[in-house]
Amino acid sequence: MGKADFLSPKAIANRIKSKGLQKLRWYCQMCQKQCRDENGFKCHCMSESHQRQLLLASEDPNKFMDYFSDEFKSDFVELLRRRFGTKRVHNNIVYNEYISDREHVHMNSTQWETLTDFTKWLGREGLCKVDETPKGWYVQYIDRDPETIRRQEEQARKKKQELDDEERSAKFIEEQVRRGRDGKEVDETPVYTELKRESEEEKVAFNLGASSSVAGPSKSSSALSAGALKAAASSTKRKDTSSDTRGEKKKKSALEEIIEMEEKKKKQSVRTDHWLQPNIVVKVVTKRLGERYHKKKAVITEVRDKYGAVVKLIDSGDKLKLDQNHLETVIPAPGKRVLILNGAYRDTEALLEGIDEKNFSATLTLDSGQQKGKRVDVAYEDFSKLA
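*Asks:* Got a minute to help me understand the packing of helix α4 (residues 61-84) against helix α6 (residues 115-125) in this structure?
*Replies:* Two measures define how a pair of helices packs: the angle their axes make with one another and the distance between the axes. In contact at an axis separation of 12 Å, α4 and α6 are set at 75° when each is read in the N-to-C sense. Taken together, α4 and α6 sit at an angle that is classed as roughly perpendicular. Residues Phe 72, Lys 73, Phe 76 and Val 77 of α4 touch α6, and the partners they reach there are Phe 118, Trp 121 and Leu 122. Residue composition of the contact of α4 with α6, grouped by class: 6 nonpolar, no polar and 1 charged.

Okay, structure coming up:
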């Protein structure tokens, strides 16, 4: 019987079957051959090419298994990283997307028998976070890229700085409200008293106009009323004056507080999150490099990308490339020259006069710039010894 025509229904059906996914039991990983049915797989196993591949694999079976295992692990982790990122996802969902590729490496050719064993292995190796639930195993990719870690640290630093500014503003507002409540008068309601006359003959008169006049004993009462009105007016005037003075004092103190806050904000705006400068002495604080370099002093020879530096150890002369989080400033003895690394006096050389251990700061005398000779207080982390 001749071969079916290219456009015949049978030929079209065969091409559709060959493009789609077939059963795993009829796939040969060594030959990378997918068979459609049991008969085709049997014929392939009896073929000369398959026998030749088996002879090659029998010489070093571990070599082929390690190769297929490494390929399976790399493709699976890469799909998890690109498709789901650092999200927590069911391992079977990732596996179904992985096997949708017709040319994928099958698990029966690797060192893992089941998907659960492979998931546990990912957790033991630290490639992913895995946890078991009643619905099955979940995986979460761990991104260890240095650029990603640096970006996350920078975002966390900015968020912390914003929270500090918000807390400072909230405390300032709370302090102003408390001062306003303390300065407010406790009770301003008028007190009404009973009207009493000293004698029965005394009359009470009210002068409502210039034409009205009262003779006799009413003169003394009108004079008394006028004196009382003058005393009340003077007391009211004194009260208004005292309240105005207190208001001016309160406004003045609030203004001073606002000016101080503005100056603090101005100083903070000058600050930056990077402080590395060449030709300064620093100390290595990271333990990742071992005890050989821990707590050793070095000199910065080059600054890279603001947050990285090439340092040369003073004792051994070794050169290292470190991040600024792995370094800290060095405080010399009084009288030595230092360089201010952050704040309003950044990049200014100074002389160390004294150290305030309670406030974690030091008194410096500026030795360069327009304000040469000025004494300022600078925190420990904002200056370091010059090489």
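*Asks:* Whenever I open this one, the packing of α4 against helix α5 (residues 91-99) confuses me. Can you help?
*Replies:* In contact at an axis separation of 10 Å, α4 and α5 are set at 110° when each is read in the N-to-C sense. Viewed along their axes, α4 and α5 adopt a mutual orientation that is roughly perpendicular. Together, Phe 72, Asp 75, Phe 76, Leu 79, Leu 80, Arg 83 and Phe 84 of α4 and Asn 91, Ile 93, Val 94, Tyr 95, Glu 97 and Tyr 98 of α5 make up the contact between the two elements. Of the residues in the contact of α4 with α5, the class split is 9 nonpolar, 1 polar and 3 charged.

*Asks:* Could you clarify how one ought to interpret empty space enclosed by the protein in this entry?
*Replies:* Gaps left between atoms are located by rolling a probe of water-molecule size over the structure's atoms. Applying the stated criterion across every chain yields a total of 1 cavity of 30 Å³ or more. In this model, the largest cavity occupies a volume close to 60 Å³. Along the walls of the largest cavity sit Arg 150, Glu 153, Glu 154, Arg 157, Tyr 307, Asp 323, Gln 324 and Asn 325, which together make up its complete lining. The biggest single contributor to the lining of the largest cavity is helix α7 (residues 146-183), with 4 residues. Looking at the lining of the largest cavity residue by residue, the class counts come to 1 nonpolar, 2 polar and 5 charged.

*Asks:* Is there a simple way to explain the nonpolar core in this structure?
*Replies:* Buried together is how nonpolar side chains tend to be arranged in soluble globular proteins. Within the largest apolar cluster, 21 residues are counted, with the highest numbers of intra-cluster contacts made by Phe 72, Phe 76, Leu 80, Val 94, Phe 118 and Leu 122. Tallying contributions element by element places α4 first for this core, with 7 residues. Leaving out residues up to four positions away in the same chain, Val 94 has contacts with Phe 76, Leu 79, Leu 80, Phe 84 and Val 89.

*Asks:* Hey, could you run me through the pairing of strand β11 (residues 337-340) in this one?
*Replies:* Two faces, one strand: in a regular strand the side chains alternate between the faces of the sheet. Where β11 meets strand β12 (residues 349-356), 3 bridges bridge the pair, whose relative direction is antiparallel. Looking at the pairing, Leu 339 lines up with Glu 349 of β12. The pairing of β11 with strand β15 (residues 383-385) spans 3 bridges and is classified as antiparallel. Bridge pairing links Val 338 to Lys 385 in β15.

What counts, and where the lines are drawn
- Residues numbered from 1 in each chain as written.
- Predicted model: local features only at pLDDT ≥ 70, side-chain atom pairs only at ≥ 80, totals over all residues.
- Heavy atoms only, no water.
- Axes fitted to C-alpha atoms, helices over the stretch in contact; angles between N-to-C directions.
- Helix = DSSP H or I, 4+ residues; strand = E, 2+ residues; numbered from the N terminus.
- Parallel < 35°, antiparallel > 145°, perpendicular 65-115°, else oblique.
- Contact = heavy atoms within 4.5 Å.
- Nonpolar A, V, L, I, M, F, W, Y, C, P; charged D, E, K, R; others polar.
- 1 Å grid on protein atoms, 1.4 Å probe; cavity = no way out; pocket = protein on both sides within 12 Å on 5 of 7 lines; lining within 4 Å.
- Points joined across faces, edges and corners; volume = space filled by probe spheres on them.
- Core = buried A, V, L, I, M, F, W, Y, C linked by side-chain atoms within 4.5 Å.
- Buried < 20%, exposed > 50% of the residue type's maximum accessible area, 1.4 Å probe, protein only.
- Pairing = 2+ DSSP bridges.

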